[in-house]
Amino acid sequence: MAVLKGAALVFLCLYSLYSQATYQYPIKNPFLATVLGTPESFRPDLSGPPINELNLKIYHQLVPGPIPPTFSNTKRTTFRLAWQSKPAPLIFVIAGTGARFNASKVEFLKTVFYRAGFHVIQLSSPTSSDFMVNASSTHLPGISYQDASDLYRLMQAALRRVKQFDKRFSINGVYLAGYSLGALDAAFVGALDDKRAEIGFQRVLLVNPPVYLEHSVNNLDKLTSVKIPGVDNTTDLFDRFFNQLAEYFRKNNNLDIDESLKAAMGSEIQTMSDGELALLIGVAFRFSLASLVFTADVMNQTGMIVPKGRTISVTESRTPFFHKSMHWSFKQYLDRMLLPSLNRQRKQHSELFLTRKEIFLQSSLPALRRWLKRSKNVGVMHNADDLILDQSGLTFIYDTFGHRAKIYPYGGHMGNLQFSVNVQDMVSFIKTGRFPDA
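Residues numbered from 1 in each chain as written. Predicted model: local features only at pLDDT ≥ 70, side-chain atom pairs only at ≥ 80, totals over all residues. Heavy atoms only, no water.

1. Regarding the overall build of the chain
Turning to step 1, where the next piece is worked out: From N to C terminus, the chain includes 16 helices and eight strands.
Turning to step 2, where the next piece is worked out: Relative to the globule expectation of 22 Å for 438 residues, the C-alpha radius of gyration of the chain, 21 Å, shows essentially globular dimensions.
Turning to step 3, where the next piece is worked out: Principal-axis analysis of the C-alpha atoms gives the chain an extent of 60 × 60 × 50 Å.
Turning to step 4, where the next piece is worked out: In the chain, which comprises 438 residues, the share counted as buried stands at 59%. (Helix = DSSP H or I, 4+ residues; strand = E, 2+ residues; numbered from the N terminus. Rg over C-alpha atoms; globule rule 2.2 N^0.38 Å. Buried < 20%, exposed > 50% of the residue type's maximum accessible area, 1.4 Å probe, protein only.)

Now the structure itself:
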């Protein structure tokens, strides 16, 4: 294995040297790329006839239990369908951390695959509030195999709902893609489908997934405590960033972190230092996490965020509770909410308790190593400078995926998703099972 890893590292170095000379994504700073994404002039032309699309609700409950008044406006599981006017392959797209089915990155991927001739079903992340309320069997996301089971149930219900919507709807092949945490979810869903064979994904594409989940979470959490030269009190800057994001959320009633970063900070982003950009990315991650913690608390009535017996109406401001939730790291969420609940269930079945370390290991890509290595229909796209990745993660990708991996030298975390080269590559893999120059 050591020899294989060494070979992978040499190959990575050679590939990076070649790519830096030929890969024309314009933003070389990973922090700036993560926040700004791809400039308009570097995106592909995705114009065309209007997209046939609408939101569809699943009218039966996917999971039992009452829905608190706090979430009374999201009582039905909802997904978005874009359909071709003729028989076509269908692709499911899973959103990233905390994002809903209509988040900007999901919308972009919908347009990409629709223009490539696919029907598209857009799904919220298991860590989004609407999924946690309506589709999560525990209302406590974060365990990849459990989240995958919840997603798989939703996918099957979505396929049935689409047939109810239009009995003439014709599918000739089913595909799956996810980005960021949604890519990790897609891997576990693909492995689950390989066992159950109830959907039958022809190909699965993972875009910028966390490899070792603990490392990814640690990296993002560290961004909130970065020391910024010339800034005496980072806490004040943290609070300012939080308040700007909260104000954007209040006005737009939509927790789309990707859009809110640019909208809330405006042209100020261009003049920020690396430290300030890193803190902004960390605050955005904590904002998504705060929503998760708040929703988990209300749905499970833990009393850790909202006092027990306190009812929050759907119109009441959640900002004070988000302020409280913002101080939670993902590890604290695991230790204080998810693990105690999980281990209570395991105790009832006389099973050994799980530790945080074991949860991280079971929920990371290496837990699927054997399946990923032999599954020639699964591909991955990633960036060498991604904030959630380290050298061991890159080595795992090369050792496991080989030519089914496409690594770019720049792009930060998801910054180059909309770059024309990346779009060409993702469509190529979904359609042919190969990247253009593999």
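2. A look at the nonpolar core
Turning to step 1, where the next piece is worked out: Judged by nonpolar contacts, the single largest core of 150 residues is most densely connected at Phe 92, Phe 201 and Tyr 333.
Turning to step 2, where the next piece is worked out: In terms of residues, this core owes the most to one element, helix α10 (residues 274–300), which gives 17 residues.
Turning to step 3, where the next piece is worked out: If near-sequence neighbours (up to four positions away) are discounted, Phe 92 is found in contact with Ile 121, Leu 123, Met 155, Ala 158, Leu 159, Val 174, Tyr 175, Leu 176, Ala 177 and Phe 201. (Core = buried A, V, L, I, M, F, W, Y, C linked by side-chain atoms within 4.5 Å. Contact = heavy atoms within 4.5 Å.)

3. Examining the environment of Gly 117
Turning to step 1, where the next piece is worked out: You can see Gly 117 is positioned in the loop between α3 (104–115) and β4 (119–123).
Turning to step 2, where the next piece is worked out: Residues Gly 117 and Glu 214, spaced 97 residues apart in sequence, show a C-alpha to C-alpha distance of 37 Å.
Turning to step 3, where the next piece is worked out: Sequence-distant contacts of Gly 117, defined by excluding residues within four places in its chain, comprise Gln 84, Ala 88 and Pro 89.

4. Some thoughts on the packing of aromatic side chains
Turning to step 1, where the next piece is worked out: Tallying each qualifying case throughout the model produces 18 aromatic pairs.
Turning to step 2, where the next piece is worked out: Each ring, one from Phe 118 and one from Tyr 175, has its centre 5.5 Å from the other, and the planes form 90°; the classification is edge-to-face. Residue Phe 118 is found in the loop between α3 and β4, and its partner Tyr 175 is found in strand β5 (residues 171–179); the two are separated by 57 residues along the sequence.
Turning to step 3, where the next piece is worked out: Given the relative accessible area of 3%, Phe 118 is considered buried.
Turning to step 4, where the next piece is worked out: On the numbers, 5.5 Å between centres and 45° between planes, the contact of Phe 242 with Phe 287 is tilted. (Phe/Tyr/Trp six-rings, centres within 6.5 Å; stacked < 30°, edge-to-face > 60°.)

5. Side note on the pairing of β5
The side chains of a regular strand alternate, first on one face of the sheet and then on the other.
Turning to step 1, where the next piece is worked out: β5 sits mainly inside the fold: seven of its nine residues count as buried.
Turning to step 2, where the next piece is worked out: Across six bridges, strand β3 (residues 88–94) lies against β5 in parallel orientation. Residue pairing for β5: Val 93 is matched across the bridge by Ala 177.
Turning to step 3, where the next piece is worked out: The pairing of β5 with strand β6 (residues 201–207) spans five bridges and is classified as parallel. (Pairing = 2+ DSSP bridges.)

6. Describing the sheet that holds β3
Turning to step 1, where the next piece is worked out: Strand order in the open sheet formed by eight strands is β1-β2-β4-β3-β5-β6-β7-β8, with mixed pairing between adjacent strands. Every other strand in the sheet has two partners, leaving β1 (53–58) and β8 (405–408) as the edge strands with one partner each. On average, each strand axis in the sheet is inclined to that of its neighbour by 20°, with strand direction left out of account.
Turning to step 2, where the next piece is worked out: Across four bridges, strand β7 (residues 378–383) lies against β8 in parallel orientation. Each bridged residue has a counterpart across the sheet, and for Met 381 the counterpart in β8 is Lys 406.
Turning to step 3, where the next piece is worked out: Sheet strands touched by helix α6 (residues 181–196): β3, β5 and β6. Its angle to β5, the strand with the most contacts, is close to 140°. (Axes fitted to C-alpha atoms, helices over the stretch in contact; angles between N-to-C directions.)

As far as function goes, none of this settles anything; it's purely spatial.
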